[in-house]
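Listed below are the residues making up each chain.
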Amino acid sequence: MVSRERRSHGSMRHDEPSGDSALIHGLQLTNFKSFERSSFQLAPFTLLVGANASGKSNVREALRFLHGVSRGYTLAEIVGEKWVEGGVRVWTGVRGGAAQVARFDSSTFSLCVEFSAAPEGGKTVRFNYLIEVERLEDNTLRVIREHLKESNRYIFDTHPDGDPRGHAPPMLKARIRKGGGGYPPDDSFLDDRPILVQMLTSSVATEITKRPLRLALSFLSSMVFLDLNPHAARDASPVGIAILGDRGENLSSVLYNICKDERRKAQLTSWVRALTPMDAVDVSFREDLNGRVLALLVEDRGDITPLTSASDGTVRFLAMIAALMNPARPQFLFFEEIENGIHPNRVYLLLDLISQSVTANRSQIVATSHSPQMLVHAYRSDDASPSLVFRDEAGRSHVVDVQAAEELRRILDVEDPASLMAAGWFEDTAAFLSDHFEFTH
């Protein structure tokens, strides 16, 4: 548990959100990239650790695939790219594209996600969404199975009761829940894109179907994936933008939005002092004639450091603060290599900030890391769940909850997790014990 002393660097404001928490409970990946068949849970804060090429980024790709579904893209766009008028790219797909989205020995892959979502001021609803995709010889993709269930009752299902109706291209049939008596109706959908969005325009689907559909899509579309790049985050940005870009774009605008609230501004400067060598006592802003704003860090001696001159580590941490403290924060955040630019002795402060965001804002955070120090603090904290991602001898990726794996926990409780991770012990031991771990398929 995070100590009182650690919290003295600054405590987040406990806004009172409406309704209950919305979060992803678990994922099941079948023949998706390096995963042959693996199910695992996600906590409010999950730290994914593991060697390079172990599969950590493939977990991110699976979640991004689901995010692409919610944006109404075709399968080709989800795994490839999406461009709009003017030659602007608005979406970068799955690494390797259609040729590598499924395991090398499979022509199909599927993703299944369990998640909860809550309408404004309403009660939490539990969903199960599954999509199975076939890759043809020319790397064309088509949906062959899809369903959305609410509290174990289907909203729609292409294979109700195991009935594979509508399997022939180019249309796919789905049975749709209806209110009242009578046999549930069918409708036909294009199989080159997920049904989840198409269902909203179905003439057969009623409001009983569309209401939970909109709630599920709203949650999946709210996910944000951050791979912060200091060069992208340093630039001045237009006033009024409240959303941080995937690489940290619009950082100055988001910080400006945060600092409108004096209490949030004080918290922000407190965290900057704690995590950087700068003695920053204030954050100010400079606006140009084009309505673009640039953040400035003010030190106690009066020295001013514009964001364009701040260190990479300072810029990255400011971007993390912006993501976690922003009043317009998303419900789900994924950070790639979250410890980059943070001194090992200050890692626990970063975990403290994340813990407060999860508790106060009911956000869910998943992050990848190579940091032994991050693993140690996550393993010993009640507020984090470290999960090991590794490949077995056959090259298949698995995810293991470190705290729940008794074989690992017995050793970690008496040995130093940081030293074991640095020596590669985790991956070797996990691969050796993989036959004994209980994987849910």
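See the structure shown above.
All values reported here derive from a predicted model rather than from experimental measurement. Each residue is numbered by its place in its chain's sequence as written, counting from 1. It should be noted that, the model being predicted, local features are given only for residues of pLDDT at least 70 and side-chain atom pairs only at 80 or more, the latter also being counted only at that level, while totals for whole chains, interfaces and linings use all residues. Hydrogens and water molecules were not included; the side-chain quantities draw on all heavy atoms of the structure.

**Student:** Is there a simple way to think about the packing of aromatic side chains in this case?
**Tutor:** Aromatic ring pairs are reported here in terms of the distance separating the ring centres and the angle at which the planes meet. Any pair of Phe, Tyr and Trp rings, taking the six-membered ring for Trp, is counted once the centres come within 6.5 Å. Such a pair is stacked with planes under 30 degrees apart, edge-to-face with planes over 60 apart, and tilted for the rest. A complete count under the given rule lists nine aromatic pairs for this structure. When the centroid spacing of 5.7 Å and the interplanar angle of 90° are considered together, the rings of Phe-65 and Phe-109 count as edge-to-face. Of the two residues, Phe-65 sits in helix H2 (residues 56–70) while Phe-109 sits in strand E6 (residues 108–117), which places them 44 residues apart along the sequence. Classification of residues uses two cut-offs on accessible area relative to the type maximum, computed with a 1.4 Å probe and protein chains only: under 20% is buried, over 50% is exposed, and between them is partly exposed. Here Phe-109 falls in the buried class, since its relative accessible area comes to 1%. Here the aromatic rings of Tyr-73 and Trp-91 are separated by 5.5 Å at their centres, their planes lie at 65°, and the arrangement is edge-to-face. Taken as a pair, Tyr-73 in the loop between H2 and helix H3 (75–79) and Trp-91 in strand E5 (residues 88–92) lie far apart in primary sequence, 18 residues in all. The pair Tyr-73 / Trp-91 is uniform in exposure class, with both members buried. A run of DSSP states H or I qualifies as a helix once it reaches four residues; a run of E qualifies as a strand once it reaches two. Both are numbered from the N-terminal end.

**Student:** Would you mind going over the nonpolar core with me for this structure?
**Tutor:** When a protein is soluble and globular, its nonpolar side chains tend to lie buried together. Throughout this description, the term nonpolar core refers to a set of buried Ala, Val, Leu, Ile, Met, Phe, Trp, Tyr and Cys residues connected via side-chain atoms within 4.5 Å. By size, the foremost hydrophobic cluster in this structure holds 65 residues, and its most contacted members are Leu-251 and Phe-335. Apart from the residues within four sequence positions on either side, Phe-335 is in contact with Leu-226, Met-320, Ala-323, Leu-324, Ile-365, Val-366, Ala-367 and Thr-368. With 60 residues, the next largest nonpolar core counts Leu-66, Ala-98, Leu-111 and Phe-156 among its residues. Two residues qualify as a contact provided that any one of their heavy atoms is within 4.5 Å of a heavy atom in the partner residue.

**Student:** Which parts of the structure should I look at to understand the side chain of Glu-339?
**Tutor:** In this structure, Glu-339 sits in the loop between strand E17 (332–335) and helix H11 (347–361). Two residue types count as positive, namely Lys and Arg, and two as negative, namely Asp and Glu; His and chain ends fall outside the count. Within this document, salt bridges are pairs made up of a side-chain nitrogen of Lys or Arg and a carboxyl oxygen of Asp or Glu, the two lying within 4 Å of each other. In this structure, Glu-339 is buried with no salt-bridge partner, the nearest side chain bearing the opposite charge being Arg-316 at 6.9 Å. In this structure the side chain of Glu-339 is engaged in a polar contact, spanning 3.1 Å, whose partner is the backbone nitrogen of His-370. Sequence-distant contacts of Glu-339, that is, excluding residues within four places in its chain, are made with Leu-350, Thr-368, Ser-369, His-370, Ser-371 and Met-374. What qualifies as a polar contact is a pair of N or O atoms within 3.5 Å, subject to a donor-acceptor requirement within protein and to the restriction that residues adjacent in sequence count only when both atoms come from side chains.

**Student:** I keep staring at the sheet that holds strand E3 (residues 45–49) and nothing clicks. Help me out?
**Tutor:** Pairing between the strands of a sheet is mediated by backbone hydrogen bonds and can be parallel or antiparallel. For two strands to be treated as a pair, DSSP must find no fewer than two bridges joining them. Strand order in the open sheet formed by six strands is E12-E17-E18-E3-E19-E20, with mixed pairing between adjacent strands. In the strand order of this sheet, the two ends are held by strand E12 (223–226) and strand E20 (397–401), each with one partner. Along the sheet, successive strands turn relative to each other by an average axial angle of 20°, direction set aside. Sheet topology places E3 next to strand E19 (residues 385–391); four bridges connect them, and they run parallel. Among the inter-strand pairings, Thr-46 is bridged to a residue of E19, identified as Ser-385. Axes, fitted as lines to C-alpha atoms, cover a helix only where it is in contact. Angles between the N-to-C directions of the axes lie from 0 to 180 degrees.

**Student:** How should the environment of Trp-91 be read in this particular structure?
**Tutor:** Judged by relative accessible area, which is 5%, Trp-91 ranks as buried. For the pair Trp-91 and Gly-68, spaced 23 residues apart in the sequence, the C-alpha separation amounts to 8.4 Å. The residues contacting Trp-91, other than those within four sequence positions of it, are Arg-64, His-67, Gly-68, Arg-71, Tyr-73, Glu-77, Ile-78, Gly-80, Glu-81 and Lys-82. Side-chain polar atoms of Trp-91 contact the backbone oxygen of Glu-77, separated by 3.3 Å. A distance of 3.0 Å separates a polar atom in the side chain of Trp-91 from the backbone oxygen of Ile-78.

**Student:** What am I meant to see in the pairing of E20 here?
**Tutor:** Burial analysis of E20 places four of its five residues in the buried class, the great majority of the element. Sheet analysis places E19 next to E20, joined by five bridges and oriented antiparallel. Directly across from Val-389, in E20, lies its bridge partner Val-399. Two successive antiparallel strands, E19 and E20, enclose a turn made up of five residues, where Gly-395 displays a positive phi of approximately 85°.

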